[in-house]
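What follows is each chain in one-letter form.
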Protein chains: 2
Amino acid sequence: MNLQQLRYLRETVRRDLNLTAAALALHTSQPGLSKAIRELEDELGITIFVRHGKRLTNLTDAGREVVTIVERILLEIDNLKRSAQDWHNAQVGELRIAATHTQARYSLPPAIARLRTQYPEVTVRLHQGSPSQIVEMIRAGQVDLGIATEALAQQTDLHSEDLFSWFHCVVTLPSHPLCHLETVTLEALAEYDLITYDPQFAGRGRIDRAFSEHRLKPRIVLEATDSDVIKTYVRLGLGVGIVSELAFEEEADAKCEPANRLVKLPIGHPFARNTTRVAYLHGRILRGYEQALIEAMKR
Amino acid sequence: MNLQQLRYLRETVRRDLNLTAAALALHTSQPGLSKAIRELEDELGITIFVRHGKRLTNLTDAGREVVTIVERILLEIDNLKRSAQDWHNAQVGELRIAATHTQARYSLPPAIARLRTQYPEVTVRLHQGSPSQIVEMIRAGQVDLGIATEALAQQTDLHSEDLFSWFHCVVTLPSHPLCHLETVTLEALAEYDLITYDPQFAGRGRIDRAFSEHRLKPRIVLEATDSDVIKTYVRLGLGVGIVSELAFEEEADAKCEPANRLVKLPIGHPFARNTTRVAYLHGRILRGYEQALIEAMKR
DNA sequence: CTTGCTTACGAGACTCGTAATAATT
DNA sequence: AATTATTACGAGTCTCGTAAGCAAG
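Residues numbered from 1 in each chain as written. Chains lettered and ligands numbered in written order. Predicted model: local features only at pLDDT ≥ 70, side-chain atom pairs only at ≥ 80, totals over all residues.

J.: Is there a simple way to explain the overall build of chain A in this structure?
T.: Within chain A one finds 10 helices and 12 strands. By the compact-globule yardstick of 19 Å for 299 residues, chain A is too spread out, its C-alpha radius of gyration being 24 Å. Each principal axis of the C-alpha distribution contributes one length, and for chain A these read about 75 × 45 × 30 Å. By residue count, 37% of the 299 residues in chain A fall in the buried class. Partitioning the contacts of chain A with sequence separation of at least 6, the portion at a separation of at least 24 is 74%. (Helix = DSSP H or I, 4+ residues; strand = E, 2+ residues; numbered from the N terminus. Rg over C-alpha atoms; globule rule 2.2 N^0.38 Å. Buried ≥ 20, exposed ≤ 12 C-beta atoms within 10 Å, placed from the backbone. Contact = placed C-beta atoms within 7 Å.)

Below you can see the structure in the form of structure tokens.
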């Protein structure tokens, strides 16, 4: 038994039992991979894959159990390498982050800027995706850390922890009728066209819940995954925006004309608090700079 | 990096950084082992061992961390093999148990007998030792399960669980003066020479505690690790025996002459309850027959 | 008839053991 | 002087890629 065989097995499972695809991903030949897996099966004395003639169609029960153990072994092998790298040179390395747009655009930049002064030799790679895509990227080992407000806490196979909390805010153009009110209520808001996040993103669930608890049916005319897109359409006058306050912060010192500058309505916090979390594989050892980034994002 | 290197590293650490001893234990050559470890260090980019000239004198900090991860990896490799074996043929295998004398002699035989009817093709190997030796045998991977009344629960690196509880009992020859009393007290007991377990074994701590709580100083004239040894000297008239009730059970139907047949004194349970436990490496996957043995011992 | 797994085979890399060397205790 | 680690080197093994074969959709 050797590590190569275990890596081959894991990749084959990840590629939906397609040996050709797995071989391609591993930069090796398909016959070699096929042979390696057969030899592993021989040595363990079990069949890992259900074969229909020459096709791999499924995992056997034994195979499923074996694969979970193999995943753990390879995780620990990664830990070994990462830990050794950290002792060898804590300064250099790579940090692959997956985040939603809102995090990538608003909460990550200051943290990454700080990281870059502390660890100038660390290469940061940022991948953007939906919360569920982020979860998949972590599982597949394509990224080291995932950052999002949704979905992370529910994954039992990932470790996740709180970073910070925030509320939604309501933004419009200064010319909007709602701007003339002393205080804005949810009821008033429900009178107008609204623009906010896609259901998967940035605490949208909490927005829907707030309206339904007040027995209101909001008219959401546009859903986006992206705070900037929402703000753009608000500027075009398509409706009132509900965005993360993270995305409003810098409106204050925006350089556009006053008439186009978005304003935050005095509505308090009608939508429940959101907590942005970081997640990574259970049992994964973090390098120093990974811990530093996580600390830099907590505030 | 390969598994061989990791095994070599683990064995070297287990043999107190003596490459020669490790090579011997692994049935390989010392130069090969030396080279493998150097290559591992090169590949990881760290030094694992502190070297004074050509002697390995200590682990580096990095080395210590690496070794703990390597232990985990090799544990999981074992899990992989064991799990595969269980799927391949749940009937055949080997079961290495370490136990104290009392367990090996009294509580294990019925459990092993039952196991042998259920799994006739499993080879059972029984090692005897003190509780602390048992712990070491588990740690070193020399045995699969350890069974003892002492020491197991305190080990944070081992998983352990309760099997069953028992009390000590007091035994003498029928001719002993204590036999004439209606009920026997600790105070009465302290008047006579006593024979019981070595301090490390079979709940001896609880015996000492009971006497000291009554402000009594028992005269313990003989300490043994072995219930049978205790009983033998009680038969010789050297003193009153305090043994596990496990070791008395079968006195009832012993075939020796009535005058030599030990009797249990009516003293109730002056010594606190003991709980015998089973322990194995944390994170270790048990085979079916291993679980079966553990279940067979619970009652 | 295209996709995809397995078998066959050979070049090159690698492992590992022996022998010699060197450094501690 | 004895013990113990490292270096050198070569035989044997193993890995892995190419080419060919063959089963399934």
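J.: Quick question: what am I supposed to make of the relation of the copies chain A and chain B here?
T.: There are two copies of the chain, and a rotation about an axis plus a shift along that axis relates them. Once turned by 180° and shifted 0.1 Å along the axis, chain A lies on chain B with an RMSD of 0.1 Å. The two molecules are tied by a two-fold rotation axis, judged by turn and shift. Proximity to the rotation axis, assessed at the C-alpha, singles out A:Ile73 in chain A; its C-alpha lies 2.8 Å from the axis. Residue by residue, 100% of the interface of chain A is reproduced at the interface of chain B, so both copies engage with the same surface. (Least-squares fit on C-alpha atoms with pLDDT ≥ 70 in both.)

J.: Looking at this model, I keep getting lost on the pairing of strand E10 (residues 240–244) of chain A. Mind explaining?
T.: Remember that side chains alternate between the two faces of the sheet whenever the strand is regular. Residue and element names in this part refer to chain A. Within E10, five of the five residues are buried, leaving the element largely enclosed by the surrounding structure. Relative to E10, strand E7 (residues 168–172) runs antiparallel, the two being bridged by four bridges. Pairing of His-168 across the sheet is with Ser-244, part of E10. Sheet topology places strand E8 (residues 193–197) next to E10; two bridges connect them, and they run parallel. Among the inter-strand pairings, Ile-195 is bridged to a residue of E10, identified as Gly-241. (Pairing = 2+ DSSP bridges.)

J.: I tried to follow the sheet that holds strand E5 (residues 145–148) of chain A on my own but got confused; where do I start?
T.: The strands making up a sheet associate through hydrogen bonds between their backbones, and the pairing can be parallel or antiparallel. Residue and element names in this part refer to chain A. The five strands lie next to each other as E4-E3-E5-E12-E6, forming an open sheet whose pairing is mixed. Since the sheet does not close on itself, it has two edges, and those belong to strand E4 (122–128) and strand E6 (158–166), each with one partner. Looking at each pair of strands side by side, their axes are set apart by 20° on average, direction ignored. Here seven bridges tie strand E3 (residues 93–99) to E4, and the two strands are oriented parallel to one another. (Axes fitted to C-alpha atoms, helices over the stretch in contact; angles between N-to-C directions.)

J.: What's the story with the protein's contact with DNA strand C in this structure? I'm lost.
T.: As a structural note, the neighbourhood of DNA strand C is formed by 23 residues, with A:Leu19, A:Pro31, A:Ser34, B:Ser29 and B:Gly53 the closest of them. Those elements that place two or more of their residues in the surface near DNA strand C are helix H2 (19–25), helix H3 (30–44) and strand E2 (55–59) of chain A together with helix H3 (30–44) of chain B. Among the elements that make up the surface near DNA strand C, the one with the highest residue count is H3(A) (five residues). Taken together, the residues that form the surface near DNA strand C break down as five nonpolar, 11 polar and seven charged. (Near = placed C-beta within 6 Å. Nonpolar A, V, L, I, M, F, W, Y, C, P; charged D, E, K, R; others polar.)

J.: I would appreciate a short explanation of the protein's contact with DNA strand D in the present structure.
T.: Residues in contact with DNA strand D amount to 23 residues; listed here are only the nearest, A:Ser29, A:Gly53, B:Leu19, B:Pro31 and B:Ser34. Among the secondary structure elements, those contributing two or more residues to the surface near DNA strand D are H3 of chain A together with helix H2 (19–25), H3 and strand E2 (55–59) of chain B. If one sorts the elements of the surface near DNA strand D by residue count, H3(B) sits on top with five residues. Residue classes in the surface near DNA strand D are distributed as five nonpolar, 11 polar and seven charged.

J.: Before we go on, may I ask you to explain the environment of A:Ala247 in this structure?
T.: Residue and element names in this part refer to chain A. Summarising the element assignment, Ala-247 is placed in the loop between E10 and strand E11 (263–264). According to the C-beta neighbour criterion, Ala-247 is buried, with 25 such atoms within 10 Å. For the pair formed by Ala-247 and His-168, sequence separation is 79 residues and the distance between their alpha carbons is 9.3 Å. Sequence-distant contacts of Ala-247, defined by excluding residues within four places in its chain, comprise Thr-102, Tyr-106, Ser-227 and Lys-231.

J.: Explain the packing of helix H5 (residues 101–118) of chain B against helix H10 (residues 288–297) of chain B to me, please; I cannot follow it from the model alone.
T.: Two numbers describe a pair of packed helices, the interaxial angle and the distance between the axes. Residues and elements named next belong to chain B. As a packed pair, H5 and H10 sit with axes 9 Å apart at the nearest point and diverge in direction by 135°. As judged from the angle between their axes, H5 and H10 are oblique. The crossing of H5 and H10 is right-handed. Of H10, the residues touching H5 (which contributes Ser-107, Ala-111, Arg-114, Leu-115 and Gln-118) are Tyr-289, Ala-292, Leu-293, Ala-296 and Met-297. Class assignment of the residues belonging to the contact of H5 with H10 gives a composition of seven nonpolar, two polar and one charged. (Parallel < 35°, antiparallel > 145°, perpendicular 65-115°, else oblique. Left-handed = near helix turned anticlockwise from the far one by under 90°.)

J.: Please explain the interface of chain A and chain B as it appears in this structure.
T.: Taken together, the contact pairs 22 residues of chain A with 22 residues of chain B. Looking at the side of chain A that touches chain B element by element, the count peaks at 16 residues for helix H4 (residues 61–88) of chain A. Residue composition of the side of chain A that touches chain B, by class: 13 nonpolar, six polar and three charged.

J.: Is there a simple way to think about the environment of A:Glu187 in this case?
T.: All names here are of chain A. With respect to the helices and strands, Glu-187 occurs in helix H7 (residues 186–189). The class for Glu-187 is exposed, based on 11 C-beta atoms found within 10 Å. Put simply, Glu-187 and Leu-9 are 178 residues apart on the chain and 57 Å apart in space, counted from C-alpha to C-alpha. Excluding its chain neighbours within four sequence positions, the residues that come into contact with Glu-187 are His-214 and Leu-216.

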